[in-house]
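So you can see what is in the structure, the chains are spelled out below.
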Amino acid sequence: MKIVINGIHANLRFSAAHMIPRHESCGVIHGHSYIVDVVVEGERSGEFGFVVDFKKVKDIIRGMCKKLDHRVLIPIRNPQINFKNLQGPVEFSIGQKDYMLPLEDCLLLDLKSTSAEDLSEFFAEELYHDLKEINSEISSVQICVNEGIGQGAYFTKDSD
């Protein structure tokens with residue numbers, strides 16, 4: 001059985017800035033108003049026969065959104081970014097461009113990119129891990145991180 005949560009209606013959203021190093025148009029710092037859609041598949045269990053309580057899923061996703069909201073998202077595993085300081089201020093270069101940003105304005109993510117594709121995988125992995133502790137019968141979590149209405153990337157985390 002599947003449960004579905006539409007992020008725009010459930011207010012699962014965050015606004016953040018990012019860049020895709022060396023991309024022709026996305027290589028500059030720019031922002032999006034992201035919306036996160038969720039699908040959870042698994043067996044019904046527990047006293048109420050839920051796959052998982054909608055409220056619990058929304059609480060987890062909202063907590064993740066809150067961490068990313070109004071930050072510059074920086075992928076620390078991107079080989080095109082040369083970091084000089086990660087302790088604050090965050091200093092790095094990409095090609096000939098040098099950046100220095102206050103640490104409190106940034107969120108350093110253990111990712112190769114902050115593309116919608118990588119963010120959807122990040123959300124799915126975190127949510128899957130958290131939900132497996134609630135219901136061991138969760139078989140998959142699918143996340144779509146939308147960079148705006150009508151464009152997003154889906155990632156599905158299946159049971160190992």
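Here, the structure is the one placed above.
Since we're looking at a predicted model, the values are computed, not measured. (Residues numbered from 1 in each chain as written. Predicted model: local features only at pLDDT ≥ 70, side-chain atom pairs only at ≥ 80, totals over all residues. Heavy atoms only, no water.)

Q: Account for the nonpolar core, naming residues and giving values.
A: One finds Val38, Val40, Val57, Ile61, Phe123, Leu127 and Ile143 to be the most contacted residues of the largest nonpolar core, which totals 33 residues. Among the elements of the structure, strand S1 (2–5), strand S2 (13–18), strand S3 (30–42), helix H2 (54–68), strand S8 (106–109), helix H3 (116–134) and strand S9 (138–148) are those that each provide at least two residues to this core. Considering each element in turn, this core owes the most residues, seven residues, to H3. Setting aside its immediate chain neighbours within four residues, Ile143 contacts Val36, Asp37, Val38, Ile61, Ser120, Phe123, Ala124, Leu127, Ala153, Tyr154 and Phe155. In terms of nonpolar packing, the next biggest core, distinct from the first, is built from eleven residues, Phe92, Tyr99, Leu101 and Cys106 among them. (Core = buried A, V, L, I, M, F, W, Y, C linked by side-chain atoms within 4.5 Å. Buried < 20%, exposed > 50% of the residue type's maximum accessible area, 1.4 Å probe, protein only. Helix = DSSP H or I, 4+ residues; strand = E, 2+ residues; numbered from the N terminus. Contact = heavy atoms within 4.5 Å.)

Q: Provide a residue-level description of the packing of aromatic side chains, including the pertinent values.
A: As enumerated under the stated definition, the model contains six aromatic pairs in all. Here Phe14 and Tyr34 contribute two aromatic rings whose centre-to-centre distance is 4.5 Å and whose plane-to-plane angle is 15°, an arrangement assigned as stacked. Here Tyr34 lies in strand S3 and Phe14 lies in strand S2, a separation of 20 residues in the sequence. The exposure class assigned to Phe14 is buried, which follows from its relative accessible area of 2%. Using a relative accessible area of 0% as the deciding quantity, one classes Tyr34 as buried. (Phe/Tyr/Trp six-rings, centres within 6.5 Å; stacked < 30°, edge-to-face > 60°.)

Q: Describe the pattern of salt bridges, listing the residues and the values that go with them.
A: Counted according to the given criterion, the structure contains four salt bridges. In this structure, Asp110 engages Arg77 in a salt bridge whose closest nitrogen and oxygen atoms are separated by 3.0 Å. On the criterion of sequence distance, the pair formed by Asp110 in the loop between S8 and H3 and Arg77 in the loop between strand S4 (71–75) and strand S5 (82–85) is long-range, its members being 33 residues apart. (Salt bridge = Lys/Arg side-chain N within 4 Å of Asp/Glu carboxyl O.)

Q: Hey, could you go over the side chain of Ser120 for me, with residue numbers and the actual values?
A: Examined against the element boundaries, Ser120 turns out to sit in helix H3. The contact partners of Ser120, leaving out residues within four places of it in the chain, are Ile143, Val145, Ala153, Tyr154 and Phe155.

Q: A description of H2 should follow, citing residues and the corresponding values.
A: Taking 1.5 Å of rise per residue, 15 residues should cover 21 Å, and H2 covers 21 Å from first to last C-alpha, within 8% of that figure. Within the span of H2, buried status applies to Val57, Ile60, Ile61, Met64, Cys65 and Leu68. For H2, the angular spread of buried residues about the axis comes to 135°, placing them on one side. In H2, the exposed positions angled more than 90 degrees off the buried face are occupied by Lys55, Lys66 and Lys67. Where H2 begins, the side chain of Asp53 points an oxygen toward the backbone nitrogen of Lys55, at a separation of 2.9 Å. Looking one or two residues beyond H2, the residue adopting positive phi is His70, at roughly 60°. (Expected span 1.5 Å × (residues − 1). Arc of directions from axis to C-beta. Polar contact = N/O pair within 3.5 Å; in protein donor to acceptor, adjacent residues only side chain to side chain.)

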